[in-house]
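Now for the letters of each chain:
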Amino acid sequence: MNIFLKVLVLCLLQFVNHINGYFITVDPHSEECFFDRAEAGTKLGLMFETVEGGFLDIEVRISGPDQKVIYQGEKESSGKYTFSAYETGVYHYCFSNKMSTLTPKVVMFSMEIGEAPKGTVGAVNEGEAGHTKLEDMIRELSGTLTSIKHEQDYMHVRDRIHRSINESTNSRVVMWSFFEAIVLIVMTVGQVYYLKRFFEVKRVV
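Residues numbered from 1 in each chain as written. Predicted model: local features only at pLDDT ≥ 70, side-chain atom pairs only at ≥ 80, totals over all residues. Heavy atoms only, no water.

- With an unreviewed UniProt entry as reference, the protein is termed AGAP004743-PA-like protein, source organism Anopheles sinensis.
- Taken from UniProt, the Sequence similarities (unreviewed entry) comment for the protein reads in full: "Belongs to the EMP24/GP25L family." (UniProt positions renumbered as here; feature names shortened; annotations may be inferred.)

### Concerning the nonpolar core
Consideration 1: In terms of nonpolar packing, the biggest core is built from 18 residues, with Leu 44, Leu 46, Phe 48 and Phe 95 touching the most fellow members.
Consideration 2: Elements represented by at least two residues in this core include exactly strand 1 (18-26), strand 3 (43-52), strand 4 (58-63), strand 7 (89-96) and strand 8 (105-113).
Consideration 3: By residue number, the principal contributor to this core is strand 8, which donates four residues.
Consideration 4: The residues touching Leu 46, leaving out its near neighbours within four places in the chain, are Val 60, Ile 62, Gly 79, Lys 80, Tyr 81, Tyr 93, Phe 95, Phe 109, Ser 110 and Met 111. (Core = buried A, V, L, I, M, F, W, Y, C linked by side-chain atoms within 4.5 Å. Buried < 20%, exposed > 50% of the residue type's maximum accessible area, 1.4 Å probe, protein only. Helix = DSSP H or I, 4+ residues; strand = E, 2+ residues; numbered from the N terminus. Contact = heavy atoms within 4.5 Å.)

### Comments concerning the packing of aromatic side chains
Consideration 1: Counted under the stated rule, the structure contains eight aromatic pairs.
Consideration 2: Geometrically, the ring pair formed by Phe 83 and Tyr 91 is tilted, given 6.0 Å between the ring centres and 50 degrees between the ring planes. Here Phe 83 and Tyr 91 have matching classes, each one buried.
Consideration 3: Plain terms: the ring middles of Tyr 86 and Tyr 91 are 5.9 Å apart, the flat faces sit at 85 degrees to each other, and that makes the pair edge-to-face.
Consideration 4: For Tyr 86, a relative accessible area of 36% translates into the label partly exposed.
Consideration 5: An aromatic cluster is present here, built from Tyr 71, Tyr 81, Phe 83, Tyr 86 and Tyr 91 joined pairwise through their rings.
Consideration 6: Residue placement shows Lys 68 over the ring face of Tyr 86; its charged tip is 5.5 Å from the ring centre. (Phe/Tyr/Trp six-rings, centres within 6.5 Å; stacked < 30°, edge-to-face > 60°. Lys NZ or Arg CZ within 6 Å of the ring centre and 35° of its normal.)

If you want it as structure tokens, here you go:
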């Protein structure tokens, strides 16, 4: 049983998809691009989240080896996009902040590269069929674990952003309440002083 578990873990590590996660800062009027080489038919995935800066929006563009635009989005705060490589070559992921004049943007993103598809295999015997089935199950488990990791990273960043928004909103509410209290005190003192002067009796000597 222990030997089987060791073999399962080794196979799982072998089939784990290649994932890169980054935090980058995109300056105003600039663009940051990254690239990955993939074989035709390989499944590629991009997940991104604008963490800081301005209205938390960024322009995203994915292009293929022939510079053909696969996906393009404007003023997006977050997103997930998965596609299959239509030909072998280098695929580019670009984040643009050219619409901003002053504010840099901090973007968290991860790129997932699946396994290259295998060629068609001829007839196999029963042992090879069982081995292939085990590999398929391990590959499916690996993909599920990758998706769970992506979701955890995504939720962690979302939690961080929402916490920052809540803290900012809370501090503004406290400051506004403090300002309102000062205004009420000043108005109360002013009204008391005004009414006191209004009811004063002036004596003529």
